[in-house]
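Single-letter residue listing:
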Amino acid sequence: MAESLERTDKFCSPKDPALEKLCNVLDRTPDKGWRRLCEIVGVDRRFRVSPDEMEICSLKILQPDGSPSRLLLRLLGERGCTRGHLLDFLRTLDNPEALSCLQLPDLQIVIQPESASLLCGHNLRLRCLAVGRSPLRYQWFKGKEELSNALTPELAIDGVGTKDSGFYICRVDCGDTFRFSRWAQVDVLRAPSPCHGGQLLNDSLKVAIQPRPQQLLIGDTLVLECGAAGCPIPRYQWHRDGALILNATRRKLTIANATQKHQGRYRCQITCGDERTWTNEVEVAIDDIYAIGRGSTDFLFNCIPEQPYASGNKVEPSSSALAATLPGESNIPEENESPEAMPHKC
C-alpha cells in the first residue's frame with residue numbers, strides 16, 4: 001500500500017518538510033548532489049533536464065535563500081515525476097542521507113483515534129488507520145486490557161455506559177514491526193434527563209450536565225459538576241463571580257473545607273475545538289453555623305426537646321440543647337437540629 005502511494009503521489013513544488021530537507025542535502029553534497037541527480041534523471045526522457053535549465057538552477061545559489069535543488073524538484077514535479085520515481089533516482093544516486101529524507105517507514109499510522117465525550121446510550125466510534133509494506137493487523141486495548149474481537153481499524157461500541165469511560169489505544173502489527181497509536185480518552189456522561197440510545201456522536205458541542213446551586217456550612221466540601229458531549233473531548237474552565245479560578249479545569253470542581261470566601265456565583269466555560277459555550281450560573285451560599293443562633297431566641301426555643309428532662313417537679317431543657325447556642329461549643333444536639341444547620345446533600 002505504501003508503494004502504491006509513492007507511485008501516485010505527485011508533487012508540484014518541494015514545500016513539505018521532507019522535500020525541503022532533501023533540497024538542503026542535495027545542495028551541500030558536491031559529488032552526489034543535484035548535478036549528479038540531473039544526469040541520472042536524464043536517462044528517462046520524460047524528466048530530462050536541458051543544459052539551459054541546469055544553468056538556471058545553478059544561478060539560484062546567488063539568490064538569498066536560493067536553492068538549485070528546489071528549482072530542479074519543481075521542474076521534475078511539473079513533468080509528472082512522483083515520489084516513487086524520485087526514490088528510484090535517489091537509490092541510483094547512492095546518497096543514503098538524501099534517500100532517508102523521502103523513504104517511508106515500513107509502518108506508519110496516518111489516522112489517530114480522537115478523544116471524545118458522549119452520553120450514555122450513544123454509539124462510540126474510534127478509528128486508527130496505518131499504511132505499511134506488509135499485511136496489517138489491528139488490536140485495540142482499554143488501558144492494559146486487550147479487547148476481544150476488536151481487530152479492525154475502527155472500534156465500535158454501541159450503547160455505551162459509564163463503564164466504557166477510560167483510555168483506549170490501538171496496536172498495529174506489520175510483519176516483525178509494530179506501532180501504537182496515541183491514547184484516546186473516552187468520557188461517558190450520565191445526564192439527569194434520559195437520552196435516546198443508538199445515536200452516533202457528532203462534532204457539535206452539547207452541555208448535558210448543568211451545575212446545581214449549593215447551600216453549605218463552613219467546613220463542608222463544595223462539589224460542582226458539569227459535563228458536555230463533543231469531539232474532540234471538551235475542555236473546562238470554572239469561574240466564580242466572573243473571575244477565572246486557577247487550576248479549575250476539570251468537569252468536577254471540588255473545594256474541601258469551604259469557607260465564606262468560596263461563596264458566590266459559579267459557572268463553567270466549555271470549549272470543544274472551535275466551539276465555546278457556558279453552563280448555567282449558580283449560586284453557592286456558605287453559612288456560619290455559630291452565627292445562626294447568635295442573638296436569636298427562636299433558635300434557643302427550637303432546640304428544646306419535645307420530651308423535656310424532668311428533675312423532681314422542675315422541668316429543665318437538655319443541657320446539650322442549651323450548649324448549641326454558645327459560640328465555640330462543639331456539642332451540637334443530634335435531635336431537633338435546625339434545618340439551617342444541616343449540610344446540603346448534593
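You'll find the structure just up there.
Residues numbered from 1 in each chain as written. Predicted model: local features only at pLDDT ≥ 70, side-chain atom pairs only at ≥ 80, totals over all residues. Heavy atoms only, no water.

Time to look at the packing of aromatic side chains. The way to describe two aromatic rings as a pair is by their centre distance and the angle between their planes. A full pass over the atoms with the stated rule returns three aromatic pairs. Judged by centre distance (6.1 Å) and plane angle (80 degrees), the rings of F47 and F89 are edge-to-face. Of this pair, F47 sits in the loop between α3 (34-41) and α4 (51-59) while F89 sits in helix α6 (residues 83-93); the two residues are 42 residues apart in sequence, bridging distant segments of the chain. Since its relative accessible area comes to 1%, F47 is described here as buried. With relative accessibility at 10%, the residue F89 sits in the buried group. Consider the rings of F141 and F180, whose centres lie 6.4 Å apart with planes at 55 degrees: the pair is tilted. Separated by 39 residues along the polypeptide, F141 in strand β5 (residues 136-142) and F180 in strand β9 (residues 177-180) bring together distant segments of the chain. On the basis of relative accessible area, F141 is assigned to the buried category, the value being 10%. (Phe/Tyr/Trp six-rings, centres within 6.5 Å; stacked < 30°, edge-to-face > 60°. Helix = DSSP H or I, 4+ residues; strand = E, 2+ residues; numbered from the N terminus. Buried < 20%, exposed > 50% of the residue type's maximum accessible area, 1.4 Å probe, protein only.)

Take the state of the cysteines next. Throughout the structure, instances matching the rule amount to zero disulfides. Left without a disulfide partner, C101 is nearest to the cysteine sulfur of C23, which lies 9.2 Å away. Classification of C101 by relative accessible area gives buried; the value is 10%. With no disulfide partner, C268 has as its closest neighbouring cysteine sulfur the one in C226, 3.8 Å distant. (Disulfide = S-S within 2.5 Å.)

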